[in-house]
Amino acid sequence: MRFAVAVFPGSNCEEETFRLLSSLLEQPVEYLWHRERDLSRFDCVILPGGFSYGDYLRCGAMASLSPLVQALPEFVLAGGKLLGICNGFQILLEAGLLPGALLPNRSLKYISRKVCLRVGQVDTPFTNRLRPGQVIRLPIAHYEGSYFADEATLERLETGGRILLQYSDPAGRVTEGANPNGSARSIAAICSADRNVVGMMPHPERASEDLLGSEDGLRIFESLIGGAARKAHRPEDRRA
Amino acid sequence: MGTTKEKDLLQAVIHVTLKPGVLDPQGRAIRQALHHLGFSEVEEVRIGKRMVVSLDRKGGGPARERLEEMCRSLLANPVIEEFHVEMGEE
Amino acid sequence: MGTTKEKDLLQAVIHVTLKPGVLDPQGRAIRQALHHLGFSEVEEVRIGKRMVVSLDRKGGGPARERLEEMCRSLLANPVIEEFHVEMGEE
Amino acid sequence: MNREPGITPDMVREHDLTEEEYGRIRKILDRDPTYTELGIFSVMWSEHCSYKSSRVHLGRLPSTGPAVIQGPGENAGVVDIGGGRVAVFKIESHNHPSFIEPFQGAATGVGGILRDIFTMGARPVGSLNSLRFGDPSHPRTRRLLEGVIGGIAGYGNCIGVPTVGGEISFHPCYNGNILVNVFNCGIAGKDEIFLGNASGAGNPVIYVGSSTGRDGIHGASLLASSSFEEGGGGQRPRVQVGDPFLEKLLLEACLEAMRAGGIVGIQDMGAAGLTCSTLEMAGRGGTGIDLDLDAVPRREPEMSPYDVMLSESQERMLLVGKRGSDPDLLAIFRKWDLQAVVVGRVTDRGKVRVRHKGETVADLPVGPLSEEAPRYNRPLREPAYLRDTRSWNASVLPEPGDVAAILKDLLASPNIASKGWVIDQYDSTVRANTVAGPGLDAAVLRIPGTLAGIAMTTDGNSRHSYLHPFHGAAGAVAEASRNLSCMGAEPLALTDCLNFGSPENPEVMWQFQQTVEGIRAACLALEVPVVSGNVSFYNQTEEKPIRPTPVIGMIGSIADVTRTGRLAFSRPGDLILLLGDTRPVLDGTEYLARIHQVEAGSPAAVDFRLERAVQDTCREGIRQGWIRSAHDCSEGGLLVTLAEACFGDGRDLGGDFRIPQADRLDALLFGESASRIVVSVAEADLKRLETTATRFGAPILPLGQVRKEPVLKVKVDGERVLHADVESLRRIWREGFVRAVFGGAPAGKGGMA
Ligand SMILES: Nc1ncnc2c1ncn2[C@@H]1O[C@H](COP(=O)(O)OP(=O)(O)O)[C@@H](O)[C@H]1O
Ligand SMILES: [Mg+2]
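What you are looking at is a predicted structure, and each value in this text was computed from that prediction instead of being measured.

Draft legend 1. A look at the overall build of chain D. When helices and strands are tallied, chain D shows 26 helices and 28 strands. The C-alpha atoms of chain D give a radius of gyration of 26 Å, which matches the 27 Å a tight globule of 753 residues would have. Residues counted as buried form 67% of the 753 residues belonging to chain D. Per element, the accessible surface of chain D, about 24,500 Å² overall, is 48% carbon and sulfur. On chain D, the mean spot of the 78 positive side-chain charges and the mean spot of the 92 negative ones are 3 Å from each other.

Draft legend 2. Looking closely at the environment of Ala71 of chain A. All names here are of chain A. Mapped onto the elements, Ala71 comes out in the loop between α2 (67-70) and α3 (72-77). Since its relative accessible area comes to 15%, Ala71 is described here as buried. Separated by 34 residues in sequence, Ala71 and Arg37 have C-alpha atoms that sit 5.6 Å apart. Discounting chain neighbours no more than four positions away, the residues touching Ala71 are Arg37 and Leu39.

Draft legend 3. Region of interest: empty space enclosed by the protein. Residues and elements named next belong to chain A. Tallied over the entire structure, the rule returns four cavities of 30 Å³ or more. In this structure, the largest cavity occupies an estimated 40 Å³ of space. Lining the largest cavity are Phe126, Thr127, Leu164, Leu165, Ala189, Val198, Met200 and Ile220. Sorting the residues of the lining of the largest cavity by element identifies β9 (163-168) and β11 (197-200) as the ones contributing at least two each. Of the residues that constitute the lining of the largest cavity, the class distribution is seven nonpolar, one polar and no charged.

Draft legend 4. Examining the site of ligand 1 more closely. Residues and elements named next belong to chain D. Around ligand 1 sit 18 residues in total, of which Gly73, Glu74, Glu92, Asp496 and Gly533 are the nearest. Taking Tyr51, its side chain carries an N or O atom lying 2.9 Å from an oxygen atom of ligand 1. Taking Asp496, its side chain carries an N or O atom lying 2.7 Å from a nitrogen atom of ligand 1. Every element with two or more residues in the shell around ligand 1 is listed here: β3 (85-93), β17 (490-499) and β18 (530-536).

Draft legend 5. Region of interest: the coordination of the magnesium ion (ligand 2). All names here are of chain D. Bound to the magnesium ion (ligand 2) on the protein side are Asn75 (OD1) and Asp116 (OD), at distances that span 1.9 to 2.8 Å. With a gap of 41 residues between them, Asn75 in the loop between β1 (68-70) and β2 (77-82) and Asp116 in helix α7 (residues 102-118) connect regions that are remote in the sequence. Side by side, Asn75 and Asp116 carry an identical accessibility label, which is buried.

Draft legend 6. Looking closely at the sheet that holds strand β1 (residues 9-18) of chain C. With respect to topology, six strands assemble into an open sheet ordered β3(B)-β1(B)-β2(B)-β2(C)-β1(C)-β3(C), the strand pairing being antiparallel. Lying at the two open borders of the sheet, with one neighbouring strand each, are β3 (81-87) of chain B together with β3 (81-87) of chain C. Taking each pair of neighbouring strands and ignoring which way they run, the sheet shows an average axis angle of 25°. Where helix α2 (residues 63-75) of chain B meets the sheet, it contacts β1 (9-18), β2 (42-56) and β3 of chain B together with β2 (42-56) of chain C, and its direction lies at approximately 155° from that of β3 of chain B.

Draft legend 7. The interface of chain C and chain D, seen in detail. Chain C puts 17 residues into the contact, and the matching count from chain D is 17 residues. With both chains or domains summed, chain C and chain D bury close to 1,300 Å², and 57% of this area falls on carbon and sulfur atoms. Three residues stand out in chain C for area buried against chain D, namely Leu23, Arg28 and Val79 of chain C, and they jointly supply 36% of the buried area on that side. The interface formed by chain C and chain D includes one salt bridge. Residue assignment for the side of chain C that touches chain D shows that the elements contributing at least two residues are α1 (25-36), β2 and α2 (63-75) of chain C. It is α1 of chain C that provides the largest number of residues to the side of chain C that touches chain D, a total of six residues. For the side of chain C that touches chain D, the class distribution of residues is nine nonpolar, six polar and two charged.

Draft legend 8. Local environment of helix α6 (residues 218-225) of chain A. Residue and element names in this part refer to chain A. With six of eight residues buried, α6 is to be regarded as a mostly interior element. Buried within α6 are the following residues: Leu218, Ile220, Phe221, Glu222, Ser223 and Leu224. Elements in contact with the buried residues of α6: β1 (3-7), α1 (14-24), β3 (44-47), β4 (81-85) and β11.

Reading guide: rules and limits
Residues numbered from 1 in each chain as written. Chains lettered and ligands numbered in written order. Predicted model: local features only at pLDDT ≥ 70, side-chain atom pairs only at ≥ 80, totals over all residues. Heavy atoms only, no water. Helix = DSSP H or I, 4+ residues; strand = E, 2+ residues; numbered from the N terminus. Rg over C-alpha atoms; globule rule 2.2 N^0.38 Å. Buried < 20%, exposed > 50% of the residue type's maximum accessible area, 1.4 Å probe, protein only. Areas by Shrake-Rupley, 256 points an atom, 1.4 Å probe, with all protein chains shown as cover. Lys, Arg positive; Asp, Glu negative; His and termini not counted. Charge placed at Lys NZ, Arg CZ, Asp CG, Glu CD. Contact = heavy atoms within 4.5 Å. 1 Å grid on protein atoms, 1.4 Å probe; cavity = no way out; pocket = protein on both sides within 12 Å on 5 of 7 lines; lining within 4 Å. Points joined across faces, edges and corners; volume = space filled by probe spheres on them. Nonpolar A, V, L, I, M, F, W, Y, C, P; charged D, E, K, R; others polar. Near = heavy atom within 4 Å. Polar contact = N/O pair within 3.5 Å; in protein donor to acceptor, adjacent residues only side chain to side chain. Donors = N, O, S within 2.8 Å, 3.2 Å for Na, K, Ca; no water. Pairing = 2+ DSSP bridges. Axes fitted to C-alpha atoms, helices over the stretch in contact; angles between N-to-C directions. Buried area = accessible area lost by both parts, 1.4 Å probe. Salt bridge = Lys/Arg side-chain N within 4 Å of Asp/Glu carboxyl O.

This is the structure we're talking about:
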C-alpha cells in the first residue's frame, strides 16, 4: 500500500507517522507538501497531528483550504483511503469530508494523557484488526477535541455504524466520567458513510512500540496493510 | 477609522458568534468566574470573535460582498457559527 | 435582545481588542491565508473577542459601571488589551 | 552626523549607564555617541548582555572535558553523545516578563530558548522548565501559575517540541518576583553545527522572520538591570507576544536552509535584538557589518533607527549567507511563507555601521565595544541572617508524634505533591521518542532511529542555597546528576541558571560568588563540565532580594533505552535497599519548614566520593538490568521517597520496612541528607547488588520488601511507626497541588489567545 503523509505549515506529527510506516510496517511512503494536488500514486493519505497554521482562527480551518485537501474529495470518491489524526481530524471536519466540528475541551485546558477507548465498529479498513467492545489505550493531546454535531447527525452516525472509538473507563464502560473533553456521545473516532475516511482524536502513532508504553495504536496501521508489523526493539526481560 | 492617504482603505468589523444551541464552555466558565468575583447578576455569557479587517478598496469587487465571501470560505464555520459584517464609516 | 418576562434582563456586548502595536499573530496568519485564497485587497486583520453578557438588572449596581468593573477584573488583560462596553437596547 | 537628539546627562542616566561608563564610550568613539549609539551601548553593556558583575566569577566554572565540543560563549553548549551526534542545550530565565504578563512572558521564554538551540543547527527534542512562585495562598500566585503554565504549554505544544519535565516550588520570597527558567536540548549531527559567526567580507546579511515592532525596547537593559517594582510606570517596555506558529516555520526553514548549504553563520535575535546579533556575529567573525535599516521589515509606522536597533520583537533570525547564494536561501524561506530580506553586508572594517534613510546613525568599533565593556569585581559580604540560621540546633525540636500525619502533610505540600495538574497540560509525547516523560526523576528521550537515549533534568533547592549557598549549589549539581543516574544515564554536562537579587548588594554578591564556587567544586568532583548558562540579577521586590536560586540543567546519555530506570516498585517480593548513608540532619528540610515552620540550620556538605559510589552502583545495576526500580531521596526525605515508589502507574504496591534507628526518628525519616537512592532488586539479585556496591564503595542498607497488599508499613528498631493505606496516601499526594494553589477545583478562565 502506497502512503502519503501530508505536511502543512505547522504539522508536528508527520515524522513519527512516516517512520512508523516506513521502518516498522515497511511500506512505501512519501511526504506530501500541502500545495500538491496530484494524489494519483497513493492508496492512502494520512493527515497527521500538529497545529497546522498555528490552530489560529479555528483548528484545521486554514489547512482545509490547501490544494492538497481540496484534492481529497476526488481521491476519496475513487476509493482512496484517508485517515486524519488529531489536527488531521479537525481538518477533515473543516473540509466537510466528515460531519461535525470540534470545540474546546470542557475543562478549557489542553489535555495530554493516555485514555481508554472502547472499540465500536470494526468493518473499516482502519479497524479490522480490532475486536468490537475491546478496550485500547492511546494518548490524546489536544485543546479542541470535544466532538460536536447536531442530534440528527449524531443519530445518523450511530445508526450507520460510523462510531469507531468512544472514550471509556478501563472496563469499557462509556460514561461521562471517562469522557475527557466533553465529546458528544463520547465520540473519539468516526468514519464516512463509505467507510474509507476516518477521523480520530487519539494518536495511534505514539502508541506503536512497547518502548513508548503501548502497541495498541499499531493495530490501526496493521488493519490498513492487512498484516503484522515488523517487531520493533522489544525491551527484553530485564534480567540479564 | 476610514481612509488613509496612500491607499484607499476601508475598515470593516466582522462578528462571528456561536449558533444558538452550540455549547459555549468558555462562556460558561467566565460566567462562573464572574459569580465567584461577586457579579452574581450575570445570567449568561457567550463568547464570539470580533475581527477588524482593513481592505484596500481598489482591489477586489464591492467590499461587502467580498467580506461575506471571506466569511463563507474561511472566517466562519457554518456548522457551529454565524457571522455578521459591519461596514465602517468612511 | 432586551428583556424577558421573568427577570429584568439586559444584554450588553463587550468588545475586547488588542492594544495598538501589540502583535496579533492570529490576525497575521489569517491575512496571509486570505491572500492565498485570492483576497489580496486585505491589508490587515486584527482579532478580538466579542462577549455577549446577559445581566439581571435587579442585581448589582448601575449596569455599565458593573460591566466595566468586570472587564477590569477579569474579562480583559490590561497589559495587552483594551475593552469597550456597548449597552444593548432594552 | 545626523539629526538625532544630542546626548544629555539625564539621557545617560535613563540609559542606566554610569558617568564612568559614559566616559569609556566617549573614549572608544573619540566623540559623543549618537542617540542610537547610546541605546546600543546601553543594551550591550547592560548586565544581561555584558555579564559585567558576574564575569569575574563565571570564569571559575570548569568548562572543558572529553565530550565538550562547544563550551560557554555561543548560543548554547554542545556535547558529543556518540554515534556521530551531539546534544545542544541551554537554560534561560524569563522572570520579569513572566511577572508582568505570565502567559506571554513564559511563552516567549520558551520561544527564545528554542531559537538558541536551532540556531546552532540542532533539532530541539525536549523542553524542561524550572519555576518558582510565591506563597500558594498569595492572591496573585494562582493567576501567575495559570498564566505561566498556559504559556509554556501553549508555545511548546504548538511548535511540537515535547515538554518532558521540570520543577516547581513555592516560597513567599517569590511573591513579587517569580522565576521562570526554561531549558531545551536539541540533537544534531556532529558535523552539522552552525555558529553565530559573520565571516567573509562581501557576504550578505539576511533578516528572516517576523517584522520588527516596538516590542520590549530596553527589555534587556531596563528590565533586567534595574529592580522591577510593580506598577512602577515610566518606560515600561511593550509586552512581547509570541507566535509559536511562525517559530515553527522558522525552525523548519532554518534547518532546511542549513542542510541546503549556503549559510555561513546564523544567530537568533533575542535580548537586544538586531543590536546584539550584529555585534556578536561580527565580533566572533572578527569582521564588521554594514546594515541598511530601511530594508528591515517593520510592523509599525515611524520607527526610529533607535527603535529598530533595540526592538525585541520575537521570532526573528539573522544569518550570513555565502556570497551569491542568497537567491537560493531566500527561496527556501519563501516556501515556508517567511519574510527574508538582505539587510546588509559583511565588511572587513571591524565596525558595525548602521544606515537609515541614507544617513549613518551608528558606526561602532566591534572589538573595543566588547573588550572595553565594563567588568566589575563587586564587593562581597557574608549576609547577616546566616549568623542566626547557622546557630539553630535540632535539639530544640520535640520528637515527632504521629508519623502518618506528618507524612500526609508532606505529601500534600505543593512542593512535594504530584504535579499532574501541570503535566497534563504539556504535550510530552509528540514526536514519539519519549521513553520517560514528566513526573520521573529525569526525562529520557530516544534518539530517533537508534537504541540510544538522552536523559535530562533540572534541579535546584533554594532553601538549601539560602542557608548555605555553597553547599546548596553543590547539592543541586549532585542532585541533578543523581536524578540522571536513577534513570540509568551517564551524566555528561550541565547548564546553569543563576537567579539572584541585585549584584550591587554585597550580600547578594557574596551568595553569588559562593554559589559559583559550589558549582565549581561539584563539577570538578563529579567530572561534569558547564557548557552554557545564564545569569539573572535584580530579582527583588523593593530592596528585598529573592533567595539565591541556582538551577542546574544536566544531560546524560543512555546506550540502550530499553534499559531505562523506573521509579516505582514493580514486583511483590523484591527487596528494597538504600544506597548511601543517612546522616542525622534536619537542617533546611521541607519537614522543618512545613511541620515546624522553621527554615534554619546549615545543610551538610555533599560527600562527593560517596555520591559517585552511590550513582555508579545504581547506573551499573540499571544497565545490567537487575535494578528494578530506583528513586532518589530529596525534598521530604526517605519516607516520602518510599511512598512515591509505592505509587505505581495505576497499580499501587505496598512495602514492609524494618529500619534500624539512627539518631532522631524524624532525621531518619524526613532528613534530606544527599547521596541516597532507594532501589529494589529481586531476591536472587541481592548478591550482585552487594558485589557491585562493594566494588564502587557504596554502603547499602536493607530497608524492606515490596508487598502486593497496598499498605506502607514501617518499623523502626522493631517498633511500628507507620501503617498507612497506599491508596489514601496517593490521593493526598495527587490532590495536594490543586488543593494548595486553588483551594479545591481550579476554575480556569481559559483563553482564546
Ligand atoms: N552562569 C553561567 N554559566 C556558564 N555560562 C554562562 C552562564 N551565564 C551565561 N553563560 C554563557 O554566556 C553566554 C551568553 O549568555 P546569554 O547572554 O544568556 O546568551 P543569549 O543572549 O544567547 O541568551 C552564553 O554562551 C552562555 O552559555
Ligand atoms: Mg541566544
